[in-house]
Amino acid sequence: MAFDYEKYIRPGKLPHIWCPGCGHGIVLKGLIRAMDSLNLKKEETAIVSGIGCASRLPGYVDCCTLHTAHGRAAAFATGVKMARPEMNVILVGGDGDGTAIGGNHFIHACRRNIDMTYVIMNNYIYGMTGGQFSPTTPHMMKASTTPYGNPDPSFDIAKLAIGAGATFVARGTAFNASQIDKLIAEGIQHKGMSVIEILDDCPTTYGRRNKYKSVIEMMNRLKEVAVPVKAAEKMTAEQLQGKILTGVLFKADRPEYCAEYQKVIERAKGGAK
Amino acid sequence: MSKKVAFLQGNEAAAQGALYAGCNFFAGYPITPSTEVAEVMSIELPKVGGKFIQMEDEIGAYAAVLGAALTGKKALDATSGPGLSLKQELIGYACIAEIPCVLINVMRGGPSTGMPTGPSQSDVMAAKWGTHGDHASITLVPASVQECYDMTVQAFNLAEKFRMPVLVMPDEIIAHMRERIEFREPGEIEIINRTEPTVPPAEYKPYDTRFGDVPPLAAFGSGYKFHVTGLNKMQDGFPTTKAEIVQAEEERQVRKVMDKVDEIVDFEEFKMDDAEICVVAYGSTSRSARYAVNAAREKGIKVGMFRLKTFWPFPDKQIKAIAAKVKGFVVPEMNLGMCSVEVERCNEGKAQILTVNRVDGEPLNPEQILVKIKEVK
Amino acid sequence: MSRYELRFSGAGGQGLITAGIILAEAASIHEGKQAVQSQSYGPEARGGASKSEVIISDAPVDYPKVTACDALLALTQEACDKYTHDLKEGGILLYDSEFVTRLPEGNFKKVGFNIISTAKNEVGREIVANIVALGAMISLTGVISRENGLKAVLSRVPEAFLELNEKAYAAGFDKAAAAAAA
């Protein structure tokens with residue numbers, strides 16, 4: 001029997017706003033499968049986003065959903081989680097929202113290791129505003145504001161998350177749909193800040209400018225560059241040139257923030273300083 | 001049993017008032033001259049099982065407050081000028097999404113970094129006009145340490161009652177000076193809690209106007225699922241661009257406050273019965289004004305004071321009535337003319353208006369006001 | 001009693017803000033008067049001229065700052081130069097006789113003794129110089145009773161330092177009385 005997405009989708013809210021060929025819908029489905037696999041209760045799950053195409057995702061999911069201001073998802077979500085640690089808090093959003101305007105909140109949520117799961121759809125571009133370059137747009141690629149090629153170096157979101165202190169960091173691609181739900185589910189189960197970067201595509205504002213002939217070509221590129229971490233262990237540096245590792249990239253055990261604050265409460269109540 | 005009294009700073013009293021009101025969540029970012037609010041909350045909140053978090057920046061602090069408020073918490077943030085500027089986008093978010101919360105903004109010199117330890121009253125316009133878009137503002141301006149306590153309680157009540165952000169704005173003098181205060185007994189001030197929905201979750205809409213201009217707000221995690229956005233929204237919380245819905249919702253968000261102006265606006269009239277001159281003052285400046293009014297009365301000048309306790313909504317009706325009676329207004333402020341602009345608007349050209357303005361980081365003293373009182377013709 | 005205005009001045013870090021707070025607290029909590037304490041600080045927590053002001057009255061205190069100073073403490077020359085301009089005719093200037101050597105002109109009572117060295121050498125710790133000064137100010141002004149001043153001092157200090165502070169307060173109170181009589 002085919003998977004029933006309807007039970008997590010809000011009635012009457014589809015069709016979504018995303019363009020044909022956009023990978024965000026693939027991520028939405030992966031997220032729903034992940035939630036279902038863990039049997040998450042909808043009323044006990046908050047999905048928080050910022051601004052941008054990817055940040056429209058919460059509107060379609062029948063949970064407690066919070067579409068915040070540009071870049072602020074991680075900070076709003078931190079408030080939700082601190083106030084109600086029993087809730088599942090999942091963040092979704094894009095690369096610009098999460099790592100440019102929201103970069104500070106992102107790294108500090110990682111540093112605190114607060115028990116939230118952040119699914120970042122990285123399509124290398126600000127799609128909603130028409131294709132301006134983002135912190136993940138590769139060097140020399142074209143965007144509406146890099147007409148002569150992007151002079152900026154780019155962020156590696158997964159490395160950024162690891163460096164900032166996230167304790168579960170994984171990467172998947174919109175091409176490998178069946179892996180997405182597994183990575184997200186593992187992230188949700190992990191006690192601490194988990195970051196799942198999904199390499200995505202934006203045929204409308206990125207593909208067109210950068211001479212991708214079709215969505216299929218963009219998806220094929222994702223397929224070609226992705227190398228599972230296990231497979232990479234057997235590859236030479238030369239073979240890994242231009243490749244991007246996928247799968248669970250980092251996992252660590254470190255005190256979780258809400259649990260640490262619970263200890264503060266106990267110390268305060270006990271009269272200790 | 002006698003009441004608990006203490007000798008506290010304005011900031012400390014504001015934090016105690018928040019606790020009395022039932023505040024159980026604080027997020028903030030260190031900034032002079034408001035930091036004592038955060039310090040007290042960091043000590044007191046965990047003792048009662050509340051949560052305190054120091055965020056990575058001013059915007060994050062207010063965002064965390066909004067997130068917590070949506071889970072049903074009574075949430076507080078405290079800041080000063082530069083922080084108020086940074087939070088403005090999210091103050092607008094709280095207005096459109098209709099999220100109750102309180103922000104204490106201690107006024108220091110500006111613009112920009114200005115004078116971090118110097119007093120000022122130059123944020124009063126930013127309190128209303130700082131965020132973009134149309135919205136109502138409720139802003140309270142305490143003039144004593146006791147009022148820092150009481151008005152913070154009142155701010156939480158107003159936030160919950162009108163489902164919106166409320167500001168408490170002491171100037172640096174009020175925030176840092178110390179006076180004796182009385183802690184309120186339980187029940188002494190009524191505590192207003194959020195109106196929760198009565199409909200079952202399946203029928204719940206977060207902006208359901210069948211329940212009036214201030215629809216009930218459910219809490220995330222309480223069994224209700226709903227959507228919150230900063231986009232113009234429909235009654236079910238989902239975005240819309242339908243003209244008639246956007247117009248109606250925008251108007252309701254302002255109307256819910258402006259229809260209740262008489263209930264919200266609080267003020268004090270001092271020696272106004274036979275006054276021919278009215279000093280309009282607020283915050284620490286009103287203390288200088290009271291001194292000056294007494295001094296002028298001793299010289300036989302018929303002068304009184306109208307003290308704003310609510311800066312927004314502005315007491316239009318009261319100022320208009322006074323304008324019809326007096327020959328002149330004196331408006332002393334630690335800014336270059338903000339309240340005086342509002343007084344001018346309400347005055348409608350009737351009485352003379354003299355201003356006393358000071359922005360050098362020093363308190364505006366009674367003598368300066370007295371000089372102006374004598375100049376009224 | 002009508003409005004009585006005091007100013008404690010010296011260098012940042014000398015505990016003058018605390019001295020002002022204790023006096024105002026004593027007046028409002030223990031003596032049953034109205035009192036307001038305020039301060040102005042430079043950006044540095046230590047050094048520079050610093051002042052703490054206390055207004056005490058039987059009626060509610062409106063303007064919280066000094067308008068015409070009734071009694072002023074100066075622990076440093078810089079503070080004395082900067083903050084004595086509004087000292088009232090007939091007012092009181094208490095100064096540290098070792099650190100303040102140039103006194104302002106004016107028709108007010110000038111009382112000096114070695115406040116800091118009293119704390120350091122007679123009481124035993126320089127850190128309680130502010131309490132020596134507080135005792136001295138209460139002694140000279142009579143603005144509150146000796147007992148209420150002491151109560152407020154003891155309610156503010158950690159238990160381990162009660163004796164030290166009590167000693168400092170008494171030393172200041174008595175030395176000021178002696179200096180004023182001299």
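Residues numbered from 1 in each chain as written. Chains lettered and ligands numbered in written order. Predicted model: local features only at pLDDT ≥ 70, side-chain atom pairs only at ≥ 80, totals over all residues.

What about the overall build of chain A?
Check the secondary structure of chain A and you find 10 helices and 10 strands. In summary, chain A has a C-alpha radius of gyration of 19 Å against a globular reference of 19 Å for 273 residues, a match within 12%. Overall, chain A is about 65 × 45 × 40 Å in size when its C-alpha atoms are taken along their principal axes. Counting all 273 residues of chain A, 52% fall into the buried class. Long-range pairs, those at least 24 residues apart, make up 66% of the contacts in chain A with a sequence separation of at least 6. (Helix = DSSP H or I, 4+ residues; strand = E, 2+ residues; numbered from the N terminus. Rg over C-alpha atoms; globule rule 2.2 N^0.38 Å. Buried ≥ 20, exposed ≤ 12 C-beta atoms within 10 Å, placed from the backbone. Contact = placed C-beta atoms within 7 Å.)

So, the arrangement of the chains
Across the 2 pairs of chains in contact, the largest number of contacts is found between chains A and B. Regarding chain A and chain C, the two do not touch, and the least distance separating their C-alpha atoms is 15 Å.

A few points about the sheet that holds strand β15 (residues 310–312) of chain B
Residue and element names in this part refer to chain B. On the basis of which strands lie adjacent, the open sheet formed by 7 strands has the order β3-β2-β4-β5-β9-β8-β15 and mixed pairing. The outermost strands of the open sheet, each flanked by one partner alone, are β3 (51–54) and β15. Ignoring which end each strand starts from, the neighbouring axes of this sheet average 20° apart. Both strand β8 (residues 138–140) and β15 contribute to a ladder of 2 bridges, which runs antiparallel. In the strand pairing of β15, Leu140 is matched with Thr310. (Pairing = 2+ DSSP bridges. Axes fitted to C-alpha atoms, helices over the stretch in contact; angles between N-to-C directions.)

Considering the interface of chain B and chain A
Chain B puts 35 residues into the contact, and the matching count from chain A is 32 residues. For the side of chain B that touches chain A, the leading source of residues is helix α3 (residues 58–70) of chain B, giving 9 residues. When grouped by side-chain class, the residues that make up the side of chain B that touches chain A number 19 nonpolar, 9 polar and 7 charged. Where strand β2 (residues 64–67) of chain A lies against strand β11 (residues 227–229) of chain B, 3 bridges are found, and the strand directions are parallel. Residue pairing in the sheet places Leu66 of chain A in a bridge with Val228 of chain B of β11 of chain B. (Nonpolar A, V, L, I, M, F, W, Y, C, P; charged D, E, K, R; others polar.)

Quick notes on the domain arrangement of chain B
All names here are of chain B. Along its sequence, chain B is carved into domain 1 (5–182), domain 2 (201–261) and domain 3 (267–375). For domain 1 and domain 3, the distance between their C-alpha centres works out to 26 Å. Listed by partner, the interface residues are 21 residues for domain 1 and 20 residues for domain 3. Looking at the side of domain 1 that touches domain 3, the elements with two or more residues in it are β7 (115–119), α5 (124–129), β8 and α7 (172–176). For the side of domain 1 that touches domain 3, the element with the most residues is α5, which contributes 4 residues. (Domains from an automatic or database assignment.)

Here's the deal with the environment of Ser120 of chain B
Residues and elements named next belong to chain B. Following the sequence through the fold, Ser120 ends up in the loop between β7 and α5. Of the residues examined, Ser120 has 26 C-beta atoms within 10 Å and is grouped as buried. Here the alpha-carbon distance between Ser120 and Gln368, two residues 248 residues apart in the chain, equals 16 Å. Aside from chain neighbours lying at most four places away, what touches Ser120 is Met107, Arg108, Gly109, Gly110, Asp171, Glu172, Met334, Asn335 and Val359.

Some words on helix α6 (residues 177–189) of chain A
Note on helix geometry: an α-helix contains 3.6 residues per turn, so any two residues three or four positions apart are oriented the same way. Residue and element names in this part refer to chain A. Helix length check: α6, at 13 residues, gives a terminal C-alpha distance of 19 Å against a target of 18 Å (1.5 Å per residue), a fit within 8%. Of the positions making up α6, those classed as buried are Ile180, Asp181, Leu183, Ile184, Ala185, Gly187 and Ile188. Buried-residue contacts for α6 involve α1 (24–37), β3 (88–94), β4 (117–122), β7 (168–173) and β8 (194–199). (Expected span 1.5 Å × (residues − 1).)

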